[in-house]
Amino acid sequence: MDRDQVHRWISEQSYWAPGRSRSTQDAAIDGSRNFGVYDRASNRQVAYARTVTDGVTFAWLCDVFVDPEVRGHGIGALLIAGVVEECEPLGLRRIALSTDDAHGLYSKFGFTDLHIPGTWMERLGNPNA
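Points about the pairing of strand 3 (residues 58-66)
So, step 1. Strand 3 sits mainly inside the fold: 7 of its 9 residues count as buried.
So, step 2. As paired strands, strand 2 (residues 45-53) and strand 3 are joined by 6 bridges and run antiparallel to one another. In the strand pairing of strand 3, Val52 is matched with Trp60.
So, step 3. What sits between the antiparallel neighbours strand 2 and strand 3 is a turn of 4 residues, in which Gly55 has the positive phi angle 80°.
So, step 4. Across 3 bridges, strand 3 lies against strand 4 (residues 94-96) in parallel orientation. Bridge pairing in strand 4 places Phe58 opposite Arg94.
So, step 5. Where the polypeptide runs from strand 3 across helix 3 (residues 75-87) and back to strand 4, its parallel neighbour, the crossover connection is right-handed.

Thoughts on helix 3
So, step 1. Here helix 3 is 13 residues long and its end C-alpha atoms lie 19 Å apart, about the 18 Å a rise of 1.5 Å per residue gives.
So, step 2. Within helix 3, the full set of buried residues consists of Ile75, Gly76, Leu79, Ile80, Val83, Val84 and Cys87.
So, step 3. The inward-facing, buried residues of helix 3 contact strand 1 (33-38), strand 2, strand 3, strand 4 and helix 4 (103-107).

Regarding the side chain of Asp67
So, step 1. Examined against the element boundaries, Asp67 turns out to sit in the loop between strand 3 and helix 3.
So, step 2. Among the polar contacts listed, one links the side chain of Asp67 to the side chain of Arg44, at a separation of 2.9 Å.
So, step 3. Contacts of Asp67, omitting those with residues within four sequence positions, involve Trp9, Arg44 and Val46.

Here's the deal with the packing of helix 1 (residues 3-13) against helix 2 (residues 22-30)
So, step 1. As a packed pair, helix 1 and helix 2 sit with axes 10 Å apart at the nearest point and diverge in direction by 115°. Relative to helix 2, helix 1 is oriented roughly perpendicular. Remark: the crossing between helix 1 and helix 2 carries right-handed chirality. Facing Arg3, Asp4, Val6, His7 and Ile10 of helix 1, the residues of helix 2 in contact are Arg22, Gln25, Asp26, Ile29 and Asp30.
So, step 2. Residue classes in the contact of helix 1 with helix 2 are distributed as 3 nonpolar, 2 polar and 5 charged.

Here we look at the pattern of salt bridges
Side-chain pairs of opposite charge can arise whenever the charged atoms involved come near each other.
So, step 1. If you walk through the whole model with that rule in mind, you get 8 salt bridges.
So, step 2. With a shortest N-O distance of 2.5 Å, Arg22 and Asp4 are connected by a salt bridge. Remark: Asp4 occurs in helix 1 and Arg22 occurs in helix 2; sequence separation between them is 18 residues.
So, step 3. Taking relative accessible area as the criterion, Arg22 reaches 30% and is therefore assigned partly exposed.

Parameters and conventions
Residues numbered from 1 in each chain as written. Predicted model: local features only at pLDDT ≥ 70, side-chain atom pairs only at ≥ 80, totals over all residues. Heavy atoms only, no water. Buried < 20%, exposed > 50% of the residue type's maximum accessible area, 1.4 Å probe, protein only. Helix = DSSP H or I, 4+ residues; strand = E, 2+ residues; numbered from the N terminus. Pairing = 2+ DSSP bridges. Right-handed = clockwise from strand over helix to strand, strands pointing away. Expected span 1.5 Å × (residues − 1). Contact = heavy atoms within 4.5 Å. Polar contact = N/O pair within 3.5 Å; in protein donor to acceptor, adjacent residues only side chain to side chain. Axes fitted to C-alpha atoms, helices over the stretch in contact; angles between N-to-C directions. Parallel < 35°, antiparallel > 145°, perpendicular 65-115°, else oblique. Left-handed = near helix turned anticlockwise from the far one by under 90°. Nonpolar A, V, L, I, M, F, W, Y, C, P; charged D, E, K, R; others polar. Salt bridge = Lys/Arg side-chain N within 4 Å of Asp/Glu carboxyl O.

Next comes the structure, spelled out in structure tokens:
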């Protein structure tokens, strides 16, 4: 992983974690299963995602980011296909995610709206994490 690039994307260009500190991003990377897509010609990382999982029952897909320079070329689909492929053998009961703008992408891989949204709750914490 190009940690410098991932941190710039998440802290400077994402809508969900603007201003995230480098130490927080590094800790998130260290505690997650990480995925990247790289340009073959330059070996430059062009996309990132991570899952937080127990590896048995549940995963949270988060920090999905595709470099704006390569959006619209199937990179996001390639990234999510890789995540799903890696998670399949685990036999997870559920992979959850939250998105404001990529419902169409995720639906191609079987993600749907919450089956019973009233059963999910959240407790908000540190807004800078």
